Amino acid sequence: MKIDVVSIFPEYLQPLNLSLVGKAIENGIVDLGVHDLRQWTHDRHRTVDDTPYGGGAGMVMKPEPWGEALDDLAPVGADPDDSTAASGSRPRLLIMTPAGRPFTQRIADELADADHLIVACGRYEGIDARVAEDAATRMQVDEISIGDYVLNGGEAAALVIIEAVVRLLPGVIGNPESLAEESHAAGQDGLLEYPLYTKPQSWRGLDVPDILFSGHHAKIAGWRREQAEALTRRRRPDLLPEISDPPSGPGALHI
Ligand code: 6GU
């Protein structure tokens with residue numbers, strides 16, 4: 001997978017060279033390019049922002065540097081069906097913004113199937129809206145948020161999204177079975193993961209639950225399922241299926 005990140009703080013993306021994502025780059029599973037947006041400016045001050053039309057606080061990122069950056073990273077007229085071209089499908093542009101669609105494991109799974117991701121890190125109040133509109137003529141564009149809070153820019157969000165996607169690529173995680181059991185994994189009915197224990201059996205007066213020593217795999221699986229459901233009900237009831245209201249009114253049964 002090719003991943004290009006565009007930012008006015010490319011150093012912010014340095015942690016991508018560490019750990020699992022760093023290994024994936026070393027192993028050639030990921031081809032990462034981190035680019036300074038200012039390389040696509042032409043004035044002496046390398047200006048990337050300007051005041052908002054219509055007034056308001058703060059600054060807006062100018063469209064021209066973004067337009068040129070995207071032209072270079074996803075050339076206009078590149079034929080998605082050309083097997084000699086760098087990628088087999090249209091690139092996906094991810095614009096990091098607190099006004100975006102909330103990022104989820106489902107979106108991570110979907111992005112893991114792409115050949116080419118371009119991640120645009122906005123700063124200031126955001127990027128001129130025409131950049132997304134123009135890019136949509138030749139790539140799949142998604143505006144993405146990582147949660148309901150405001151960051152100073154999209155760089156930290158880009159780190160989050162890239163880590164969530166790259167760990168899903170074949171060959172990145174040693175034991176792919178661990179992916180299936182995690183919190184939010186598709187095969188877990190969207191439940192949070194059950195509590196985990198390792199040695200020692202007793203620690204600071206706290207004992208590992210007996211069931212885990214029973215050797216009874218079906219019972220252990222049942223216990224873990226109950227734990228996952230109880231935890232999810234307590235912490236994240238929004239993840240559980242809606243329980244419809246009991247019928248009420250004249251014909252309703254009261255049992
Ligand atoms: Cl993607 N960007 C910024 N600036 N703030 C955020 C965010 C993104 N997601 C949540 N807050």
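Residues numbered from 1 in each chain as written. Predicted model: local features only at pLDDT ≥ 70, side-chain atom pairs only at ≥ 80, totals over all residues.

### Comments concerning the overall build of the chain
Turning to step 1, where the next piece is worked out: Counting its secondary structure elements, the chain contains seven helices and nine strands.
Turning to step 2, where the next piece is worked out: By the compact-globule yardstick of 18 Å for 255 residues, the chain is too spread out, its C-alpha radius of gyration being 23 Å.
Turning to step 3, where the next piece is worked out: Projected onto the principal axes, the alpha-carbon positions of the chain cover approximately 70 × 60 × 45 Å.
Turning to step 4, where the next piece is worked out: Residue burial in the chain is summarised as follows: out of 255 residues, 23% are buried.
Turning to step 5, where the next piece is worked out: Residue pairs in contact within the chain that sit at least 24 positions apart in sequence constitute 74% of those at least 6 positions apart. (Helix = DSSP H or I, 4+ residues; strand = E, 2+ residues; numbered from the N terminus. Rg over C-alpha atoms; globule rule 2.2 N^0.38 Å. Buried ≥ 20, exposed ≤ 12 C-beta atoms within 10 Å, placed from the backbone. Contact = placed C-beta atoms within 7 Å.)

### Digging into helix α5 (residues 155-166)
Residues spaced three or four apart along an α-helix point in a common direction, a consequence of the helix completing one turn every 3.6 residues.
Turning to step 1, where the next piece is worked out: The terminal C-alpha atoms of α5, which comprises 12 residues, lie 16 Å apart, in line with the 16 Å expected from a rise of 1.5 Å per residue.
Turning to step 2, where the next piece is worked out: Buried within α5 we find E155, A157, A158, L159, I161, I162, V165 and V166.
Turning to step 3, where the next piece is worked out: Structurally, α5 contributes buried residues whose contacts are with β1 (2-7), α1 (19-26), β5 (92-102), α3 (105-111), β6 (116-121) and β7 (140-145). (Expected span 1.5 Å × (residues − 1).)

### Re the site of the ligand
Turning to step 1, where the next piece is worked out: Around the ligand, 14 residues are found, and the nearest of them are M96, P98, S145, L151 and A157.
Turning to step 2, where the next piece is worked out: Elements with a contribution of two residues or more to the shell around the ligand: β5 and β7.
Turning to step 3, where the next piece is worked out: Its residues placed into classes, the shell around the ligand shows eight nonpolar, six polar and no charged. (Near = placed C-beta within 6 Å. Nonpolar A, V, L, I, M, F, W, Y, C, P; charged D, E, K, R; others polar.)

### Side note on the packing of α1 against α5
Turning to step 1, where the next piece is worked out: Their axes nearest at 10 Å, the elements α1 and α5 cross at an angle of 65°. Classified by chirality, the crossing of α5 by α1 is left-handed. Touching L20, V21 and A24 of α1 are I162, E163 and V166, all from α5.
Turning to step 2, where the next piece is worked out: Here the contact of α1 with α5 is built from residues that sort into five nonpolar, no polar and one charged. (Axes fitted to C-alpha atoms, helices over the stretch in contact; angles between N-to-C directions. Left-handed = near helix turned anticlockwise from the far one by under 90°.)

### Considerations on the sheet that holds β1
Turning to step 1, where the next piece is worked out: Within the open sheet, the five strands sit side by side as β2-β1-β6-β5-β7. Their pairing is parallel. The open sheet has two edge strands with one neighbour each: β2 (31-36) and β7. Across the sheet, the axes of successive neighbouring strands diverge by a mean angle of 25°, strand direction being ignored.
Turning to step 2, where the next piece is worked out: Relative to β7, β5 is paired through seven bridges, and the arrangement is parallel. Each residue of the ladder has a partner; that of M96, found in β7, is I144.
Turning to step 3, where the next piece is worked out: Sitting on the sheet, α5 touches β1, β5, β6 and β7, and the angle it makes with β6 is about 155°. (Pairing = 2+ DSSP bridges.)

### Topic: the UniProt feature "binding site: S-adenosyl-L-methionine" (unreviewed entry) in the chain
Turning to step 1, where the next piece is worked out: When the UniProt feature table is mapped onto this chain, "binding site: S-adenosyl-L-methionine" (unreviewed entry) is found at G122, I146, G147, D148, Y149, V150 and L151.
Turning to step 2, where the next piece is worked out: Summarising the element assignment, Y149 is placed in the loop between β7 and α5.
Turning to step 3, where the next piece is worked out: For Y149, a count of 7 C-beta atoms within 10 Å corresponds to the exposed category.
Turning to step 4, where the next piece is worked out: Looking at the secondary structure, you find L151 in the loop between β7 and α5.
Turning to step 5, where the next piece is worked out: Residues within four places of L151 in sequence aside, it is in contact with A156 and A157. (UniProt positions renumbered as here; feature names shortened; annotations may be inferred.)

### Points about the pairing of β1
Turning to step 1, where the next piece is worked out: The buried fraction of β1 amounts to five of the six residues, a majority that puts the element mostly inside the structure.
Turning to step 2, where the next piece is worked out: One ladder, built from five bridges, connects β1 with β6; its direction is parallel. Considered in β6, the bridge of I3 is made with L117.

### Remarks on the environment of I144
Turning to step 1, where the next piece is worked out: Following the sequence through the fold, I144 ends up in strand β7.
Turning to step 2, where the next piece is worked out: Expressed as a C-alpha distance, the spacing of I144 and I161, which sit 17 residues apart in the sequence, is 9.3 Å.
Turning to step 3, where the next piece is worked out: Those residues within four positions of I144 in sequence are excluded, and the remaining contacts are L94, I95, M96, G100, R101, F103 and I161.

### Regarding the confidence of the model for the chain
Turning to step 1, where the next piece is worked out: Summing up the model confidence of the chain, the mean pLDDT is 92 and the portion of residues at 70 or higher is 92%.
Turning to step 2, where the next piece is worked out: With a pTM of 0.90, the predicted complex shows an ipTM of 0.98. (pLDDT = per-residue confidence, 0-100.)

### Observations concerning unusual backbone geometry
Turning to step 1, where the next piece is worked out: Going from K199 to P200, the amide bond is cis rather than trans, its omega being 5°.
Turning to step 2, where the next piece is worked out: Tracing the backbone through its elements, the reader meets P200 in the loop between α6 (177-181) and β8 (202-203).
Turning to step 3, where the next piece is worked out: With a phi angle near 55°, S19 is a residue other than glycine that sits in the positive phi range.
Turning to step 4, where the next piece is worked out: Residue S19 is classed as exposed on the basis of its 11 C-beta neighbours within 10 Å.
Turning to step 5, where the next piece is worked out: Its identity is not glycine, yet R46 carries a phi of approximately 50°, on the positive side.
Turning to step 6, where the next piece is worked out: Summarising the element assignment, R46 is placed in the loop between β2 and β3 (49-50).

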